[in-house]
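# Structural features, examined
What follows is each chain in one-letter form.
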Amino acid sequence: MEPLFTPEQLAEIHAYHLPYYVRAAVDPFAKVLLLALLLGVLVRPFFRMATSVAGGLERGLGFLRTAPVSRAFFQAMDRLWGEAGWGAAVIFALMTDLFVKLIYAPVDVWFAYTLEHRHGMSNYTPAAFAWDLFKGHLMGAFAIAALVIGMYGLARRTRHWWWILGVPVALLMLVSAALDPYRSRLYFEQEPLPPGALRTRITELMTQADIPFSDVLVEKTSVASRRLQAYFAGQGPTRTIVLNDVIIQELGEEEVLAAVAHEAGHIHEPKWPGRIASSLALVALLFAIDRLLRRASTRGWFGTTRFADIRTLPLLSLILFVVSLVGGPIAGTFSREREREADRFALRLTHDTDAFRRMLVKAARVNKMDPEPPRWVVLKGMSHPPIAERLASLPTP
Ligand SMILES: [Zn+2]
């Protein structure tokens with residue numbers, strides 16, 4: 001078998017991945033330092049600024065409090081927060097978020113735009129890139145405002161907020177996979193795969209695997225990226241098979257079927273242990289946060305004056321970061337094992353090892369995968385086994 005990459009290609013791939021590895025090694029320390037700076041120094045001035053901005057808005061727009069329609073909104077917010085003062089809390093949260101984003105912006109843009117273009121992986125125009133970046137940040141800002149009002153508001157009003165919030169959110173997590181098909185449409189156009197040989201063969205393959213689905217869609221990601229991509233979204237009646245336009249262009253019919261067969265392998269894996277474990281972990285995490293917030297308020301950390309004071313928000317970021325740092329290697333180990341099993345499933349379904357190998361080789365070449373990333377990068381939480389390992393584990397003819 002010819003080697004996966006020529007020495008020149010391999011050198012380019014290493015040059016492409018090296019910055020990612022450096023970032024992966026440095027980022028945990030940078031992040032902790034930045035959050036320590038926020039907590040130790042900046043929380044107090046930021047909070048003073050947020051309070052005075054909110055006061056200014058109150059003076060300028062105070063008439064909205066009594067105007068016929070907006071009055072209801074203000075009353076609802078006061079009730080959700082338990083008192084007046086939610087404006088300063090939301091502004092404080094958005095300010096700290098913006099501060100972190102601005103610090104990270106040069107590095108983020110360099111990685112997502114400059115580096116990807118340098119290695120021919122991105123098709124973004126500057127305008128489209130900026131627009132998607134803006135959309136992402138805007139959604140993030142809404143999520144933060146909702147978190148502040150929802151979680152902090154609830155915590156301020158009821159003692160048992162952590163399970164009142166945790167149980168429904170955990171239940172939502174259990175069903176949220178059904179909403180998946182609608183998420184990616186925020187970014188890319190999708191249209192049904194036209195009738196033809198490929199569609200017919202995918203349908204036959206799914207019948208053979210006994211997997212119901214509603215449609216096969218082609219997602220036009222090539223406006224942004226040159227990567228191959230295939231995934232199943234939703235479940236049961238909302239399940240859709242999503243192939244991107246790059247995969248349709250780059251892979252032959254058998255190879256597309258190999259990729260679909262791999263994705264089909266993920267359908268049969270037991271989902272409930274993972275879902276139940278993450279739901280329990282969420283409730284436990286909220287309980288731990290509750291204890292920590294109580295301690296922060298009794299000791300007056302970061303200038304806090306009461307329980308669920310918004311000034312503890314960067315502390316939550318720190319906790320979530322540590323949880324993800326510890327959880328990443330564990331989740332990665334499970335994920336890589338599921339990927340190995342999906343590969344084995346695909347081979348049992350199609351009996352076409354050769355097409356599966358060609359599919360992996362093309363995916364590795366088009367997506368410029370590092371065939372053998374450093375061991376620590378894998379262990380830190382890579383979702384898939386290195387491509388060289390996947391190829392090596394295929395049965396030899
Ligand atoms: Zn997979």
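Residues numbered from 1 in each chain as written. Predicted model: local features only at pLDDT ≥ 70, side-chain atom pairs only at ≥ 80, totals over all residues. Heavy atoms only, no water.

One can describe the packing of helix H9 (residues 253-267) onto helix H12 (residues 353-366) by two numbers: an axis separation of 8 Å at closest approach and a directional angle of 90°. One finds that H9 runs roughly perpendicular with respect to H12. Here H9 contributes Glu 254, Glu 255, Ala 258, Ala 259 and His 262 to the contact with H12, which in turn contributes Ala 355, Phe 356, Arg 358, Met 359 and Lys 362. The residue inventory of the contact of H9 with H12, partitioned by class, reads five nonpolar, one polar and four charged. (Axes fitted to C-alpha atoms, helices over the stretch in contact; angles between N-to-C directions. Helix = DSSP H or I, 4+ residues; strand = E, 2+ residues; numbered from the N terminus. Parallel < 35°, antiparallel > 145°, perpendicular 65-115°, else oblique. Contact = heavy atoms within 4.5 Å. Nonpolar A, V, L, I, M, F, W, Y, C, P; charged D, E, K, R; others polar.)

Next up on the list: the coordination of the zinc ion. The protein atoms donating to the zinc ion are His 262 (NE2), His 266 (NE2) and Glu 339 (OE), with metal-donor distances spanning 2.0 Å. Motif for the zinc ion, donor spacing along one chain: H-x3-H-x72-E. Of this pair, His 266 sits in helix H9 while Glu 339 is found in helix H11 (residues 313-350), placing the two residues 73 residues apart along the sequence. Of the two residues, His 266 and Glu 339, neither departs from the other in class, the shared state being buried. (Donors = N, O, S within 2.8 Å, 3.2 Å for Na, K, Ca; no water. Buried < 20%, exposed > 50% of the residue type's maximum accessible area, 1.4 Å probe, protein only.)

To continue, consider the UniProt feature "domain: Peptidase M48" (unreviewed entry) in the protein. As recorded in UniProt, the sites labelled "domain: Peptidase M48" (unreviewed entry) are residues 196-394. Across residues 196-394, helical content stands at 64% and strand content at 7%; the span's end C-alpha atoms are separated by 30 Å. (UniProt positions renumbered as here; feature names shortened; annotations may be inferred.)

Right, let's get into the sheet that holds strand S1 (residues 190-192). Taken in spatial order, the four strands line up as S1-S2-S4-S3 in an open sheet, and their pairing is mixed. Strands with a single pairing partner mark the edges of an open sheet, and in this sheet they are S1 and strand S3 (230-233). For this sheet, the mean angle separating the axes of adjacent strands, direction not counted, is 30°. Lying over the sheet, H9 contacts S3 and strand S4 (240-244), oriented at roughly 40° with respect to S3. (Pairing = 2+ DSSP bridges.)

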